[in-house]
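These are the residues of each chain, in order.
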Amino acid sequence: MIGRWAVALRAVPHDLREDLWTPAVARPPRTRRLGGVWFPAILVPVVLSAVILGVASANSFIRSGMGPIGLPAAVLQAAVLVVALFRPHRAWWLSLLVPVVAAPYSLHPGPLELTAPFVLPILITQIILLFLLALQVPLRAAAEMLVGCLLLDLLTGLLSHPGPVAKPTVIFQVVATVLGAALRGLQVARTELVVQEELNAHERARRALLEERSRIARELHDVVAHHMAVISVQAQVAVHLAENPSEELRENLAGIRGSAVEALTELHRVLGVLRAEDTTAEAAPHAPQPTLERLDELLAKVRAAGIAVSTGTTGRPFPLAPGVDLSAYRIVQEALSNAIRHAPGAALRVELGYRTSGLTIRVVNSAPERPAQPSPGSGHGLLGMRERIAMVGGELATGPTPDGGYEVTAVLPTPTADTREDAL
């Protein structure tokens, strides 16, 4: 027990240096200033208080017989309030100079029975300073500053001349420090809560991104697996379609079929990993992936829910690559879901534009007729659309419309035969 106390006592000088001296070297970042964005609103009343208390202190110092040093001492004592907003530790050290300098000068005995450095304006200045310091420094440092002020008061004669104001002053100093520390603790707790919420939101967005990518990978598995199965069957049949096939042709076709079967096996293994924690996917592992051919079914379901949906098509429709076709359907599906969820009662329109450069999808809704209800979803529909657009190398633009609605426009490039060969 005695050893612990000895260790604690030996650590006191180091703690005091760390709390009261070392932090004074570094200037606090602008973002950590008292009040943050409200700093100018705090600065104005503090400056006004410093001016008023400085004038009152100068009058008291001059009356106490301090002579020429009375005015500079009063200005310094008031200026520490402003300095405390920028350099709290240095302001505390500066506040200790004036009582020491003014201690030898005394007022004539009066009803307050106080020495010159502790007339009412100076006491108020000290109380405000302790409050400002406690708002900015850690609790231990604030307590050390309070103890330092009380010890200085004792040494310079405040407590040795008790009067009707001297006794409550000690209480006011303690209350000001405790109140400032409590407000700082509340602000720190709120800041940590905001930071934690931001981290949670980032983690949710990251998890949603990974889930969406896993979902896209599962869907593309079916597309790729279908093509690999077709290649395997064609390689197996081709040898029977050829008249008198050579042994070299037979070996090549057998190699193609063997590679296709091996690729299918590996694809199924990858799909097993992707579906390992997805019970929904396991429930229907062989469900066919939708394409734009099933767009009418999707729109019929929306209309059956009592929502007005109009469609429009420009250009001559042409077959799309399986991955592009799947992405186009999912983008329309997600855009409609977002519009239904966030714009109740709005009219919807889906437009498809077939061009030589690619497919343009435009889903727009009018202004909602009533406020949207809180959504139980994850709120990452746009994230999924961006992932699908990035997968096919397209472009996505979203934003509000002039009439209060919302628009989603996606451009999906359609690779030509030359670009497919280059990709191979």
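Structure shown above.
The following refers to the structure shown. Computed from a prediction, not measured in an experiment: that's the story for all the values here.

Details of the pattern of salt bridges
A full pass over the atoms with the stated rule returns 6 salt bridges. Between R362 and E351 there is a salt bridge whose closest N-O contact spans 3.5 Å. Of the two residues, R362 is situated in strand β3 (residues 358–365) and E351 in strand β2 (residues 348–355); the sequence distance between them amounts to 11 residues. Judged by relative accessible area, which is 27%, R362 ranks as partly exposed. Judged by relative accessible area, E351 falls into the partly exposed class, the value being 25%. One salt bridge in this structure joins E407 and R362, with 2.9 Å as the shortest N-O distance.

With respect to the pairing of β3
Among the 8 residues in β3, 6 count as buried, and that is most of the element. Here β2 hands over to β3 after 2 residues, the two strands then running antiparallel side by side. Inspection of the sheet shows β3 paired to strand β5 (residues 406–413) by 8 bridges, in the antiparallel sense. Bridging from a neighbouring strand, V364 pairs with E407 of β5.

So, the sheet that holds strand β4 (residues 395–400)
If you trace the 5 strands from one edge of the open sheet to the other, you get β1-β2-β3-β5-β4, paired in mixed fashion. Of all strands in the sheet, those bounded by a partner on one side alone are β1 (309–314) and β4. For this sheet, the mean angle separating the axes of adjacent strands, direction not counted, is 10°. Of the strands in this sheet, β1 and β2 are in contact with helix α11 (residues 295–304), which crosses β1 at around 155°.

As for the pairing of β5
The pairing of β4 with β5 spans 6 bridges and is antiparallel. Residue A397 lies in a different strand from β5, and its bridge partner there is T409. Between β4 and β5, which pair antiparallel and follow one another directly, the connecting turn spans 5 residues, one of which, G404, has a positive phi of 95°.

Topic: a nonpolar patch on the surface
On the surface, a nonpolar cluster with roughly 240 Å² of combined accessible area is contributed by V47, V51 and V55. Owing to a relative accessible area of 57%, V55 belongs among the exposed residues under this scheme.

Here's the deal with the side chain of T409
Mapping T409 onto the fold places it in strand β5. A distance of 2.9 Å separates a polar atom in the side chain of T409 from a polar atom in the side chain of E407.

Here's the deal with the packing of aromatic side chains
Under the defined criterion, the tally for this structure stands at 2 aromatic pairs. Aromatic pair W92 and W93: ring centres 5.0 Å apart, planes at 70°, arrangement edge-to-face.

Section: the nonpolar core
Of all hydrophobic cores here, the largest spans 30 residues; its most connected members are L292, L336, L359, I361 and L412. Broken down by secondary-structure element, the contributors of at least two residues to this core are α11, α12 (322–342), β2, β3, α13 (381–392) and β5. Per element, the largest residue contribution to this core is 8 residues, and it comes from α12. The residues touching L292, leaving out its near neighbours within four places in the chain, are L320, D325, A328, Y329, L352, Y354 and L359.

Scoring rules and cut-offs
- Residues numbered from 1 in each chain as written.
- Predicted model: local features only at pLDDT ≥ 70, side-chain atom pairs only at ≥ 80, totals over all residues.
- Heavy atoms only, no water.
- Salt bridge = Lys/Arg side-chain N within 4 Å of Asp/Glu carboxyl O.
- Helix = DSSP H or I, 4+ residues; strand = E, 2+ residues; numbered from the N terminus.
- Buried < 20%, exposed > 50% of the residue type's maximum accessible area, 1.4 Å probe, protein only.
- Pairing = 2+ DSSP bridges.
- Axes fitted to C-alpha atoms, helices over the stretch in contact; angles between N-to-C directions.
- Contact = heavy atoms within 4.5 Å.
- Patch = residues over 30% accessible without salt bridge, like charges linked within 9 Å, V, L, I, M, F, W, Y side chains within 5 Å.
- Areas by Shrake-Rupley, 256 points an atom, 1.4 Å probe, with all protein chains shown as cover.
- Polar contact = N/O pair within 3.5 Å; in protein donor to acceptor, adjacent residues only side chain to side chain.
- Phe/Tyr/Trp six-rings, centres within 6.5 Å; stacked < 30°, edge-to-face > 60°.
- Core = buried A, V, L, I, M, F, W, Y, C linked by side-chain atoms within 4.5 Å.

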